[in-house]
Amino acid sequence: MSQRPIFFITDYGLEDEYVGAVKAVILSINPEAKIIDITHNVPSFDIYTTAFIIEKVLKFLPDSSVVLAVVDPGVGGKRKPICGKSRISFYFDGSQVVKTFYFVGPDNGIFSPLFRGDFEVFVLDYVKIRDKAKKLGVFLPLSSTFHGRDIFGPASAFISSGEDLIEIVGHRVIYPRTLSFPELKFKYGDSFRQIEGSVIHIDKFGNIITDIPREVFSGYRIKSLYLRGKKIPGKLVSSYEEAKVKQPLFIFGSYNTLEISLREGNAQKKFKAKRFDRVKVIFEKINE
Amino acid sequence: MSQRPIFFITDYGLEDEYVGAVKAVILSINPEAKIIDITHNVPSFDIYTTAFIIEKVLKFLPDSSVVLAVVDPGVGGKRKPICGKSRISFYFDGSQVVKTFYFVGPDNGIFSPLFRGDFEVFVLDYVKIRDKAKKLGVFLPLSSTFHGRDIFGPASAFISSGEDLIEIVGHRVIYPRTLSFPELKFKYGDSFRQIEGSVIHIDKFGNIITDIPREVFSGYRIKSLYLRGKKIPGKLVSSYEEAKVKQPLFIFGSYNTLEISLREGNAQKKFKAKRFDRVKVIFEKINE
Amino acid sequence: MSQRPIFFITDYGLEDEYVGAVKAVILSINPEAKIIDITHNVPSFDIYTTAFIIEKVLKFLPDSSVVLAVVDPGVGGKRKPICGKSRISFYFDGSQVVKTFYFVGPDNGIFSPLFRGDFEVFVLDYVKIRDKAKKLGVFLPLSSTFHGRDIFGPASAFISSGEDLIEIVGHRVIYPRTLSFPELKFKYGDSFRQIEGSVIHIDKFGNIITDIPREVFSGYRIKSLYLRGKKIPGKLVSSYEEAKVKQPLFIFGSYNTLEISLREGNAQKKFKAKRFDRVKVIFEKINE
């Protein structure tokens, strides 16, 4: 059976050996495993950012990918170690693509983006995993603090080599934990439209990424935009170079939602947004 | 046909999922692709550093490598998406090696080091790339801000699997953009020699790397060295340990040019150089 | 012969092309090489942290792994370039596993964790390596500052493809350099026990990791704990969530030694420990 690639995301950072130790265990179990880093610099314990990043990247993962995600403030405690399978339809310009994903990690909401379509979730059975590994000459400890190495990595290794989930799991989880995100609020009038959304991420370039989708702009233009109640100057552009260097601009970013940016600059340094800050856009109708 | 390895350099950073998303798309198109990171921590939008790093590493890449470079302040604007092929001769101690490289990215000068020897450059044709990907069940969006994922990554995936460039390109680019770097200035006399060069990079260790090559030292020794007109103490050594710990020294670095360093310390913290700061060396003849 | 995976650790950082350049040379020599990063963010020149990280990860590496470690303040100087082989027994819950490791890097003590069990160490012979590489069309320079690229990487490439060490080495090293670490100090009484250990690492989460092993706690509980003579509040827990958020706690970490942590917080920011700070634990007997 062909290999399922493992896409790996954690808050382990790249200073210590944690990421390397997990990969060492995976390759001990499945020497052919293909492991691709999404990022290991999620802010420590930040399950919202983890879910957000998985949501953004999911659509682009190859069919049959395994998402190994370990951001785990409750490690060693009551939260369940889980794995599962999800079959999701995506739409690109009218075409439908169906992909199957596997996922492994703690049950704390980070997998919320996978809990749509047809999905099933199981509790991982450490004893089954340990015993299967032992047959390969691989010995797994069980620490209180490093389940990426002891449970999740090994489970992903078995799944990546084509194992059926049933080999490593116990009972089914009916209600896995999900995270709730703020909702969009609309106000409509005849020639009037207003939308309130939120900052959901600030990226490395200082782009302030919101959850306001491109669709709501159809037939309207931005009259004004407020971040935490404060008016932000700038205009909607279709490429950065329509703005002057270091000037604020609004643009639909890589996930087709509105972003507040500075051309060749850092909007975050200027406007100091935080996740879930409210962003209000007041539109005016385009008179064609 | 065997795989061409992809060497990948960006300013995406490792905090977000951008690097992982590009790799996901590459592996969706070519599951056997071998992707090696050069660095993703180029300072945001810094095309000079990108060109400099490509120049330094190029000579050591395997024959037939693909250089995927995305530092792209003009993304979504007028700059052209390009790819190409370059056949370059390198000299090592009198031996000549000829290597062929492929490259993919924006036409903003970052590929200057590849525009020597025999080379050809083409504009990428997004529609061809999208349609070829679609036949493999891979759907590519076209955003205004993330051409690494939408165009360059996919193009590199096709090239890495051995595709001919003609499959994914439009017309030929006669004059791709190149960056100009400061030139060396020499003054000669009978027993006198002076050279003025520049700082071209400051590395992670704080080494201040110049463009002054080892060759010009033949038969001479350093009398004095000035950085931005300020005399820097120190002597030329052939290994760090000839200097005292934390003392300044001059050494020929990994690319055979002069570097200003502190032994087991950070020269940049002490001397605060910037790229393109002038470095003047006054030599005196070695009386043999 | 099957590939031996290369586990790669340096202080090169991820800002420059150094890591990529070494990988380029390895893949030029052995296109099938599998290279896994342990970390490249060891603090510059810090051989103790390097040894500590190798010690922690070693037990989990696949049998026949090659450890390529380049933290090399003495590069270009008198320290010897070495490689070797070590056969080590590990114990997991009563089971014994024997693994063979190869290693390549400078002889400055970073390989101390490999100098147990059956091991042999050799001086690398640059001329042999260069000539073998040349036969493959790969030309290796010899700089004063970048032996990762010029010697160690290439040597690891040959070893990874199954070459015998004898092909690339000169004479045997009888006494490779080892690092000494502080020792544990015990005081015992009838119902009294005290242990003094040290901080050996501070990780990305700010966990303060000590060398005090779980075994010494058997039958006793912590009465008080001192860091640099200062009493640290907190209790021993078996999972983080037994403590309140941001409260100090003591826990056996991923390597079964005592760690000082804050739940979902950064203990290092609060207590400002340094490596080798003394940690004293006073125990009291558990009356069963």
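Residues numbered from 1 in each chain as written. Chains lettered and ligands numbered in written order. Predicted model: local features only at pLDDT ≥ 70, side-chain atom pairs only at ≥ 80, totals over all residues. Heavy atoms only, no water.

Chemist: Would you take a moment to explain the pairing of strand β8 (residues 185–188) of chain B for this structure?
Modeler: In summary, the side chains of a regular strand alternate between the two faces of the sheet. Residues and elements named next belong to chain B. As defined by bridge partners, β8 adjoins strand β9 (residues 192–202) across four bridges and the pair is classed as antiparallel. Paired with K187 across the two strands is Q194, which belongs to β9. Between β8 and β9, which pair antiparallel one after the other, the connecting turn spans three residues. (Pairing = 2+ DSSP bridges. Helix = DSSP H or I, 4+ residues; strand = E, 2+ residues; numbered from the N terminus.)

Chemist: Even after reading the chapter, I still don't get the interface of chain B and chain A, so can you show me in this structure?
Modeler: Interfaces are often sized by the accessible area lost when the parts come together. Listed by partner, the interface residues are 36 residues for chain B and 34 residues for chain A. A buried area of about 3,000 Å², summed over both sides, lies between chain B and chain A, and 57% of it is on carbon and sulfur atoms. Between the two partners, chain B and chain A, sit one salt bridge. Where A:K56 meets B:E17, a salt bridge forms, and the shortest distance between an N and an O atom there is 3.2 Å. At the surface where chain B touches chain A, the tally comes to 15 residue pairs in polar contact (both at pLDDT 80 or more). Per-element accounting of the side of chain B that touches chain A gives the leading share, eight residues, to helix α1 (residues 18–29) of chain B. Here the side of chain B that touches chain A is built from residues that sort into 16 nonpolar, 11 polar and nine charged. (Contact = heavy atoms within 4.5 Å. Buried area = accessible area lost by both parts, 1.4 Å probe. Salt bridge = Lys/Arg side-chain N within 4 Å of Asp/Glu carboxyl O. Polar contact = N/O pair within 3.5 Å; in protein donor to acceptor, adjacent residues only side chain to side chain. Nonpolar A, V, L, I, M, F, W, Y, C, P; charged D, E, K, R; others polar.)

Chemist: Just checking my understanding: could you explain the relation of the copies chain B and chain A for this structure?
Modeler: Between the two copies of the chain lies a rotation about an axis combined with a shift along it. With an axial shift of 0.0 Å and an RMSD of 0.0 Å, the rotation relating chain B to chain A amounts to 120 degrees. The relationship between the two copies is best expressed as a three-fold rotation axis. Judged by C-alpha distance, B:L14 is the residue of chain B that lies nearest the rotation axis, at 5.5 Å. Interface overlap between copies is the fraction of interface residues in one copy that are interface residues in the other; for chain B against chain A it is only 3%, indicating separate surfaces. (Least-squares fit on C-alpha atoms with pLDDT ≥ 70 in both.)

Chemist: What exactly am I supposed to notice about the side chain of C:T39 here?
Modeler: Mapped onto the secondary structure, C:T39 falls in strand β2 (residues 35–39). According to the relative accessible area criterion, C:T39 is buried, its value standing at 3%. A polar side-chain atom of C:T39 sits 3.0 Å from the main-chain amide nitrogen of C:N41. Setting aside its immediate chain neighbours within four residues, C:T39 contacts A:L14, A:E15, A:D16, C:F8, C:I9, C:T10 and C:I53. (Buried < 20%, exposed > 50% of the residue type's maximum accessible area, 1.4 Å probe, protein only.)

Chemist: Would you take a moment to explain the nonpolar core for this structure?
Modeler: Generally speaking, nonpolar side chains in soluble globular proteins are found buried as a group. Counting 74 residues, the largest nonpolar core has A:L58, A:F111, A:L114, B:L68, B:V104 and B:L124 as its most contacted members. A total of nine residues in this core trace back to one element, the largest contributor, which is α1(B). Once residues within four sequence positions are removed from consideration, A:L58 is found in contact with A:V67, A:I88, A:F90, A:F101, A:P113 and A:L114. (Core = buried A, V, L, I, M, F, W, Y, C linked by side-chain atoms within 4.5 Å.)

Chemist: Is there a simple way to explain the sheet that holds strand β1 (residues 6–10) of chain C in this structure?
Modeler: The strands making up a sheet associate through backbone hydrogen bonding, with each pair oriented either parallel or antiparallel. All names here are of chain C. Across the sheet, seven strands lie side by side as β2-β1-β3-β5-β4-β6-β7; this open sheet has mixed pairing. In this open sheet, the two strands that pair with only one neighbour each are β2 and β7 (169–172). Averaged over all adjacent pairs, the angle separating strand axes in this sheet is 30 degrees, with direction ignored. Across three bridges, the pairing between strand β3 (residues 66–70) and strand β5 (residues 95–106) is parallel. Its bridge partner being in β5, V66 is matched across the sheet by Y102. (Axes fitted to C-alpha atoms, helices over the stretch in contact; angles between N-to-C directions.)

Chemist: Help me understand the packing of aromatic side chains, please; the structure alone is not making it clear to me.
Modeler: Aromatic ring pairs are described here by two measures, namely the spacing of the ring centres and the angle between the planes. Within this structure, the stated rule accounts for 51 aromatic pairs over all chains. Each ring, one from A:F139 and one from C:F92, has its centre 5.7 Å from the other, and the planes form 20 degrees; the classification is stacked. Here A:F139 is found in the loop between α3 (126–135) and α4 (147–160), whereas its partner C:F92 is found in strand β4 (residues 81–92) on a different chain. Geometrically, the ring pair formed by B:Y48 and B:F181 is edge-to-face, given 5.5 Å between the ring centres and 85 degrees between the ring planes. Separated by 133 residues along the polypeptide, B:Y48 in helix α2 (residues 47–58) and B:F181 in the loop between β7 (169–172) and β8 bring together distant segments of the chain. The exposure class of B:Y48 is partly exposed, given its relative accessible area of 25%. A network of ring pairs unites the aromatic residues A:F103, A:F111, A:F115 and A:F119 as a single cluster. Between the NZ or CZ atom of A:K59 and the centre of the ring of A:F92, over which it lies, the distance is 4.7 Å. (Phe/Tyr/Trp six-rings, centres within 6.5 Å; stacked < 30°, edge-to-face > 60°. Lys NZ or Arg CZ within 6 Å of the ring centre and 35° of its normal.)

Chemist: Looking at this structure, how should I read the packing of helix α3 (residues 126–135) of chain B against helix α4 (residues 147–160) of chain B?
Modeler: When two helices pack together, their arrangement is given by the angle between the helix axes and the distance between those axes. Residue and element names in this part refer to chain B. Direction vectors running N to C along α3 and α4 enclose 60 degrees, while the axes themselves pass 10 Å from each other. You can see that α3 and α4 cross each other, and the crossing is left-handed. Residue-level contacts link Y126, I129, K132 and A133 of α3 to D150, I151, P154, A155 and F158 of α4. Of the residues belonging to the contact of α3 with α4, the class tally is seven nonpolar, no polar and two charged. (Left-handed = near helix turned anticlockwise from the far one by under 90°.)

Chemist: Got a minute to help me understand the interface of chain C and chain A in this structure?
Modeler: Between chain C and chain A, the contact holds 34 residues from the first and 36 residues from the second. Summing the contributions of chain C and of chain A, the shared interface buries around 2,900 Å²; its carbon and sulfur component is 57%. The interface formed by chain C and chain A includes one salt bridge. Counting across the interface, chain C meets chain A through 15 residue pairs in polar contact (both at pLDDT 80 or more).

Chemist: Sorry, what's going on with the pairing of strand β10 (residues 208–213) of chain A here?
Modeler: Residues and elements named next belong to chain A. In terms of burial, β10 is a largely internal element, six of the six residues being buried. Burial of β10 is two-sided: the residues I208, T210 and I212 facing one way and the residues I209, D211 and P213 facing the other way are all buried. In terms of strand pairing, strand β9 (residues 192–202) meets β10 through three bridges, oriented antiparallel. Looking at β10, one finds that I202 is bridged to I208.

Chemist: I'm lost on the domain arrangement of chain A in this one. Help?
Modeler: Residues and elements named next belong to chain A. The domain boundaries assigned to chain A delineate domain 1 (6–172) and domain 2 (185–285). Its C-alpha centre places domain 1 at a distance of 33 Å from the equivalent point of domain 2. Taken residue by residue, the interface counts six residues in domain 1 and six residues in domain 2. For the pairing of domain 1 and domain 2, the buried interface totals around 620 Å² over both sides, and the portion due to carbon and sulfur atoms is 70%. In terms of surface lost to domain 2, no three residues of domain 1 exceed Y48, F52 and K56, which account for 74% of the buried area on that side. Taken together, the links from domain 1 to domain 2 amount to one salt bridge. In this structure, the connection of domain 1 to domain 2 is made through two residue pairs in polar contact (both at pLDDT 80 or more). Counted by class, the side of domain 1 that touches domain 2 contains three nonpolar, one polar and two charged residues. (Domains from an automatic or database assignment.)

Chemist: I would appreciate a short explanation of the sheet that holds strand β4 (residues 81–92) of chain A in the present structure.
Modeler: All names here are of chain A. Read from one edge of the open sheet, seven strands run β2-β1-β3-β5-β4-β6-β7, paired in mixed fashion. Taken across any chain shown, the strands that pair with only one partner, and hence form the sheet edges, are β2 (35–39) and β7 (169–172). Adjacent strand axes in the sheet meet at a mean angle of 30 degrees, parallel and antiparallel pairs treated alike. Direction of pairing for strand β1 (residues 6–10) relative to β2: parallel, over a ladder of four bridges. Residue I6 lies in a different strand from β2, and its bridge partner there is I35. Along the sheet, α4 makes contact with β1, β3 (66–70), β4, β5 (95–106) and β6 (118–124), crossing β3 at roughly 175 degrees.

Chemist: For this particular structure, what's the right way to read the environment of A:S224?
Modeler: Residue and element names in this part refer to chain A. As for its placement among the helices and strands, S224 is situated in strand β11 (residues 220–227). Sequence-wise, S224 and Q194 are 30 residues apart; in three dimensions their C-alpha atoms are separated by 9.8 Å. For S224, the contacting residues outside a window of four places in its chain are K231, K280, V281 and I282.

Chemist: Looking at this model, I keep getting lost on the pattern of salt bridges. Mind explaining?
Modeler: Should the charged atoms of two oppositely charged side chains come close, the side chains can pair. Residues and elements named next belong to chain C. Under the defined criterion, the tally for this structure stands at 45 salt bridges over all chains. Here K23 ties to D37 by a salt bridge, and the two come within 3.0 Å at their closest N and O atoms. Note that K23 is positioned in helix α1 (residues 18–29) and D37 in strand β2, a separation of 14 residues in sequence. For K23, a relative accessible area of 9% puts it in the buried group. Across the pair E284 and R221 runs a salt bridge whose closest N-O atoms are separated by 3.4 Å. Residue E284 is located in strand β16 (residues 278–285), and its partner R221 is located in strand β11 (residues 220–227); the two are separated by 63 residues in the primary sequence. For E284, a relative accessible area of 31% puts it in the partly exposed group.

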